[in-house]
Amino acid sequence: MNTQTLQDNRQKIFISDCEGPISKNDNAYELAVHFIPSGDKFFSLISKYDDVLADVVKKPGYRAGNTLKLIVPFLKAYGATEDKIWKYSAENILLVPGAKDTLQFVNTIMPSFIVSTSYKPYINALCHLTKFPQENTYCTELYIDKYEVTEKETEKLKKLRKEITNMSMIEIPKGADSLKDLPQGSRENVEKLNKIFWEKITKMDTGRAFQDVNPVGGGKKAEAVKDITGKLGGKIANVIYVGDSITDVEPMELVRENGGLAVSFNGNEYAIREAEIAILADNTIVTSILANTFNQFRREGVIQLANNWNRSGLKKHCADSRLVERVSELYPEKLPEVKIITDSNREELSEKSSDFRKSVRGEAIGNLG
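Notes on the structure follow. Remember, predicted model here, so these are calculated numbers, not experimental data.

### Overview of the pattern of salt bridges
Here is step 1 of the chain: Under the definition given, this model contains 19 salt bridges.
Here is step 2 of the chain: The residue Asp 212 makes a salt bridge to Arg 208 at a minimum N-O spacing of 3.9 Å.
Here is step 3 of the chain: We classify Asp 212 as partly exposed; its relative accessible area is 34%.
Here is step 4 of the chain: A salt bridge links Arg 357 to Asp 244, with the nearest nitrogen and oxygen atoms 2.5 Å apart.

Here it is in structure tokens:
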């Protein structure tokens with residue numbers, strides 16, 4: 001990371017999640033589908049389990065995004081290696097339209113960083129593709145080759161995989177804040193998964209992954225925001241943070257409470273719950289515009305722009321005429337949506353943004369927390 005102290009502590013800082021705001025992928029989900037039989041159902045159910053532990057039960061020491069450690073023993077059992085993961089990740093990056101231009105643009109106007117739960121091979125491949133500096137990224141380290149898996153352990157893991165994929169999907173009612181708020185079948189599945197992960201797999205050699213792999217999600221993302229501002233000599237009030245999922249809750253809350261700006265880009269219900277501004281767009285040009293306005297006129301300028309999100313408002317509140325021209329070229333009839341999130345529109349925006357998220361990233365990935 002470039003740790004040169006900022007010349008002016010009023011300098012703004014751009015920080016973004018990767019999967020969602022920058023790429024359409026969910027790399028861990030795609031790796032599960034690629035390597036593990038019935039990997040789509042398998043990953044989706046564990047992802048729901050992750051949501052329960054992080055947001056409903058609030059398991060002590062558990063962070064949103066820990067799905068990325070829970071699937072490691074199964075990836076290993078089905079033949080995943082570091083080389084295979086690198087190769088698959090590099091060959092299957094799918095950027096949100098405009099993402100490469102946005103990353104290059106924001107990196108020219110202010111210090112810019114990616115803070116992602118994604119595995120490092122994927123992030124490094126994405127940086128190579130977009131020419132974004134790898135040293136300005138935070139992500140999940142993965143060294144899967146270090147684990148030895150015996151034939152006996154492999155068979156146990158494969159049986160557990162079958163048991164998991166035979167479970168019904170966990171349902172999380174809106175507003176659930178304890179395990180008893182879940183339907184009986186979902187509660188039973190959570191208890192079964194507790195035994196599988198925390199009693200059975202922890203005794204295996206590959207269970208060491210639960211200690212070794214530390215996904216950059218939730219609180220770790222908030223720590224990354226603090227680390228970035230600390231090394232740069234900046235303030236959290238000068239941060240614009242863009243996220244889209246449950247792993248962005250803590251960093252969004254941190255930025256918002258310290259006077260910065262938290263933005264949801266095609267976010268799900270968790271992101272809409274914590275963000276101040278919602279973007280519903282199929283091109284990252286909108287992120288470029290909000291980032292440029294934040295850089296020029298701080299949080300207040302973006303709020304003014306969002307309150308006047310139309311063509312005349314763009315000309316008045318966006319300092320870069322090239323961006324205004326570009327968004328007009330891309331959207332000659334109707335602009336993408338940009339909304340200030342309020343108590344009165346949060347639920348409606350949550351549903352609308354979640355639906356739009358699925359249209360951009362696909363139903364399976366869009367449904368993940």
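Picking up where we left off.
### Examining the environment of Arg 298
Here is step 1 of the chain: Tracing the backbone through its elements, the reader meets Arg 298 in helix H14 (residues 285–307).
Here is step 2 of the chain: A sequence separation of 38 residues divides Arg 298 from Gly 260, and the C-alpha atoms of the two residues are 8.4 Å apart.

### Examining the sheet that holds strand S6 (residues 277–280)
Here is step 1 of the chain: The strand order S3-S2-S1-S4-S5-S6-S7 describes an open sheet built from seven strands, whose pairing is mixed. This sheet does not close on itself; its edge strands, each paired only once, are strand S3 (137–140) and strand S7 (337–340). Geometrically, the sheet is characterised by an average inter-axis angle of 15 degrees between neighbouring strands, direction not taken into account.
Here is step 2 of the chain: Taken together, the three bridges between strand S1 (residues 13–16) and strand S2 (residues 112–119) define a ladder with parallel strand orientation. Among the inter-strand pairings, Phe 14 is bridged to a residue of S2, identified as Ser 112.
Here is step 3 of the chain: Seen against the sheet, helix H7 (residues 120–130) touches S2 and S3 and runs at an angle of roughly 140 degrees to S2.
Here is step 4 of the chain: Where helix H17 (residues 346–361) meets the sheet, its contacts fall on strand S5 (261–265), S6 and S7, and the angle it forms with S6 comes to roughly 35 degrees.

### A short note on the packing of aromatic side chains
Here is step 1 of the chain: Counted according to the given criterion, the structure contains seven aromatic pairs.
Here is step 2 of the chain: The interplanar angle of 20 degrees and the centroid separation of 5.7 Å between the aromatic rings of Tyr 49 and Phe 197 together place this pair among those described as stacked. On the criterion of sequence distance, the pair formed by Tyr 49 in helix H2 (residues 39–56) and Phe 197 in helix H9 (residues 184–200) is long-range, its members being 148 residues apart. Phe 197 matches Tyr 49 in its accessibility class, with the two residues each being buried.
Here is step 3 of the chain: Ring centres of Phe 74 and Phe 197 lie 6.4 Å apart, and the angle between their planes is 75 degrees; on these two criteria the pair is classed as edge-to-face. With a gap of 123 residues between them, Phe 74 in helix H4 (residues 72–77) and Phe 197 in helix H9 connect regions that are remote in the sequence. Like Phe 197, Phe 74 is buried.

### Looking at the nonpolar core
Here is step 1 of the chain: If you look at the biggest cluster of nonpolar residues, it comprises 53 residues, and the most contacted ones within it are Phe 74, Leu 75, Tyr 119, Ile 164, Leu 193 and Phe 197.
Here is step 2 of the chain: If you list the elements that add at least two residues to this core, you get helix H1 (27–35), H2, helix H3 (67–70), H4, helix H5 (82–91), helix H8 (151–165), H9 and helix H10 (209–212).
Here is step 3 of the chain: Among the domains, domain 1 (10–23 + 95–141 + 216–367) and domain 2 (27–90 + 142–212) are the pair contributing at least three residues each to this core.
Here is step 4 of the chain: Here Phe 197 is in contact with Ile 46, Tyr 49, Leu 70, Phe 74, Ile 164, Thr 202 and Phe 210, once residues within four sequence places are set aside.
Here is step 5 of the chain: Counting 32 residues, the second-largest nonpolar core is a separate cluster that includes Phe 14, Val 106, Val 263 and Ile 289.

### Quick notes on the packing of H1 against H5
Here is step 1 of the chain: For the pair H1 and H5, the least separation of the axes is 11 Å and the interaxial angle reads 115 degrees. As H1 packs across H5, the resulting crossing turns out to be right-handed. The segment H1 lies against H5, with Asn 27, Glu 30, Leu 31, His 34 and Phe 35 engaging Lys 84, Ile 85, Tyr 88 and Ser 89.

### Some words on the pairing of S5
Here is step 1 of the chain: In terms of burial, S5 is a largely internal element, five of the five residues being buried.
Here is step 2 of the chain: Burial of S5 is two-sided: the residues Leu 261, Val 263 and Phe 265 facing one way and the residues Ala 262 and Ser 264 facing the other way are all buried.
Here is step 3 of the chain: Pairing of strand S4 (residues 239–243) with S5, which is carried by four bridges, proceeds in the parallel orientation. Along S5, the bridge assignment pairs Ile 240 with Leu 261.
Here is step 4 of the chain: Between S4 and its parallel partner S5, the chain crosses via helix H12 (residues 249–257), and the hand of that crossover is right-handed.
Here is step 5 of the chain: Sheet topology places S5 next to S6; three bridges connect them, and they run parallel. Counterpart to Phe 265 in the pairing with S6 is Ile 279.
Here is step 6 of the chain: Following the chain from S5 across helix H13 (residues 269–274) to the adjacent parallel S6, one finds a crossover that is right-handed.

### Here we look at a negative patch on the surface
Here is step 1 of the chain: On the surface, a cluster of negative charge is contributed by Glu 347, Glu 348, Glu 351, Asp 355 and Glu 363.
Here is step 2 of the chain: Take the negative patch: its biggest share by element is four residues, from H17.
Here is step 3 of the chain: Relative to the elements of secondary structure, Asp 355 occurs in helix H17.

### A few points about H5
Here is step 1 of the chain: Taken together, the buried positions of H5 are occupied by Ile 85, Tyr 88 and Ser 89. Seen along its axis, H5 keeps its buried residues to an arc of 100 degrees; they face one direction. Along H5, exposed side chains directed more than 90 degrees from the buried face belong to Asp 83, Lys 87 and Glu 91.

What counts, and where the lines are drawn
Residues numbered from 1 in each chain as written. Predicted model: local features only at pLDDT ≥ 70, side-chain atom pairs only at ≥ 80, totals over all residues. Heavy atoms only, no water. Salt bridge = Lys/Arg side-chain N within 4 Å of Asp/Glu carboxyl O. Buried < 20%, exposed > 50% of the residue type's maximum accessible area, 1.4 Å probe, protein only. Helix = DSSP H or I, 4+ residues; strand = E, 2+ residues; numbered from the N terminus. Pairing = 2+ DSSP bridges. Axes fitted to C-alpha atoms, helices over the stretch in contact; angles between N-to-C directions. Contact = heavy atoms within 4.5 Å. Phe/Tyr/Trp six-rings, centres within 6.5 Å; stacked < 30°, edge-to-face > 60°. Core = buried A, V, L, I, M, F, W, Y, C linked by side-chain atoms within 4.5 Å. Domains from an automatic or database assignment. Left-handed = near helix turned anticlockwise from the far one by under 90°. Right-handed = clockwise from strand over helix to strand, strands pointing away. Patch = residues over 30% accessible without salt bridge, like charges linked within 9 Å, V, L, I, M, F, W, Y side chains within 5 Å. Areas by Shrake-Rupley, 256 points an atom, 1.4 Å probe, with all protein chains shown as cover. Lys, Arg positive; Asp, Glu negative; His and termini not counted. Charge placed at Lys NZ, Arg CZ, Asp CG, Glu CD. Arc of directions from axis to C-beta.

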